[in-house]
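If you want the building blocks of each chain, they are given just below.
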Amino acid sequence: MHNEWVVTFVAIPESWRGRALVVESMEGALEEWFSETEIAEAAALVRLRRREEWLLSRYAVKRLAMARGVPIDPRAIVIRRPRLANGSWISISHSRGVAAAAVDDTPVGIDVERLRPVDERVARHFMVEDEIAEMRGCRIPNRILHWWCAKEAAWKQQGGATRFLKQVPLRLEAESETALHFGNVETHAAGEFVMALTVGSPAPRDEATTLPTS
Ligand SMILES: CC(C)(COP(=O)(O)OP(=O)(O)OC[C@H]1O[C@@H](n2cnc3c(N)ncnc32)[C@H](O)[C@@H]1OP(=O)(O)O)[C@@H](O)C(=O)NCCC(=O)NCCS
């Protein structure tokens, strides 16, 4: 990992500004952003990609927290899910060199995925029949990644309270050229990425959903 990076922001919808940040690189030296403890924690991660994504996602949280008015040295911002010391809720995601953070006053969930071909037959592993039918009606490119991101973001907002994504219900409300809107989460496609951010409070969990057998 280089110590000096030039920051690269991934475009997010206007309505997400101040609650979410998606970055491909960070600005400044590691020591400007991270405490010695955090640098040691990252260094202990064996896989280089994991280490880079760990740092990049924490950088995004710190940057967003500061933009929201946390008036302290970024090195002093301790990141422990689900909340920062000031009470703000946080969520983290990373995927193949990109990282996303969400910070909000209420529980929040975010997910980002780098575009890649995904066989829609995997849908049965994380979506119920009604959702698969709704997805098949979507015209948006990479539709399965939009549904996957939305489920992941909603799951994280619930603090991972269910074992399976099938138990996190989604109901499609609207579709645009770049986005899907569900009641409690919305997705967005930008360049090589699909991302999702929750809106409002967590939806009730579906405890009754039949769990997958494979
Ligand atoms: C754990 C899981 C969220 C990882 O998702 P992913 O897309 O591979 O990775 P992401 O980078 O988007 O998310 C990872 C982040 O989720 C966050 N996360 C993990 N558990 C969480 C929880 N219980 N609540 C909220 N956020 C959580 C962490 O911050 C983690 O990043 P970190 O390890 O650097 O701290 C996902 O694999 C998962 O288990 N999903 C739901 C369960 C499920 O149905 N699994 C089977 C799918 S078929």
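Residues numbered from 1 in each chain as written. Predicted model: local features only at pLDDT ≥ 70, side-chain atom pairs only at ≥ 80, totals over all residues.

With that out of the way, let us pick up the environment of Glu 24. Mapped onto the elements of the fold, Glu 24 is located in strand β2 (residues 20-25). Classification of Glu 24 as partly exposed rests on a count of 18 C-beta atoms within 10 Å. As for Glu 24 and Glu 53, which are separated by 29 residues in sequence, their C-alpha atoms are 9.3 Å apart. (Helix = DSSP H or I, 4+ residues; strand = E, 2+ residues; numbered from the N terminus. Buried ≥ 20, exposed ≤ 12 C-beta atoms within 10 Å, placed from the backbone.)

Attention shifts here to the nonpolar core. In terms of nonpolar packing, the biggest core is built from 52 residues, with Ala 60, Ala 100, Ala 101 and Ala 150 touching the most fellow members. The leading source of residues in this core is helix α6 (residues 143-157), at nine residues. Mapped onto the domain boundaries, this core takes at least three residues apiece from domain 1 (6-104) and domain 2 (110-198). Setting aside residues up to four positions removed in sequence, Ala 60 forms contacts with Leu 21, Val 23, Ala 99, Ala 100 and Ala 101. (Core = buried A, V, L, I, M, F, W, Y, C linked by C-beta atoms within 7 Å. Domains from an automatic or database assignment. Contact = placed C-beta atoms within 7 Å.)

Quick look at the site of the ligand now. What surrounds the ligand is a group of 17 residues, the closest being Ile 92, Ser 93, Lys 156, Gly 160 and Leu 165. Of all the secondary-structure elements, those providing two or more residues to the shell around the ligand are α3 (48-67), β3 (89-95), α4 (123-126) and α6. Among the residues making up the shell around the ligand, the classes are represented as six nonpolar, seven polar and four charged. (Near = placed C-beta within 6 Å. Nonpolar A, V, L, I, M, F, W, Y, C, P; charged D, E, K, R; others polar.)

Bringing the domain arrangement of the protein chain into the picture now. Taken domain by domain, the protein chain comprises domain 1 (6-104) and domain 2 (110-198). For domain 1 and domain 2, the distance between their C-alpha centres works out to 23 Å. Those elements that provide at least two residues to the side of domain 1 that touches domain 2 are β2, β3 and β4 (98-104). Among the elements that take part in the side of domain 1 that touches domain 2, β4 stands out by supplying four residues, more than any other. Split by residue class, the side of domain 1 that touches domain 2 holds 12 nonpolar, three polar and two charged.

This part covers unusual backbone geometry. Omega for the peptide link from Arg 81 to Pro 82 comes to 5°, which places this bond in the cis form. Take Pro 82: it is sitting in the loop between α3 and β3. Backbone geometry places Arg 96, a non-glycine residue, at a positive phi of 50°. You can see Arg 96 is positioned in the loop between β3 and β4. Taking the C-beta count within 10 Å as the criterion, Arg 96 has 13 such neighbours and is therefore assigned partly exposed.

Burial analysis of β3 places five of its seven residues in the buried class, the great majority of the element. The sheet contact formed by β3 and β4 spans seven bridges and is antiparallel. Bridging from a neighbouring strand, His 94 pairs with Ala 99 of β4. Counted along the chain from β3 to the antiparallel partner β4, the turn is two residues long, and its residue Arg 96 has a positive phi close to 50°. (Pairing = 2+ DSSP bridges.)

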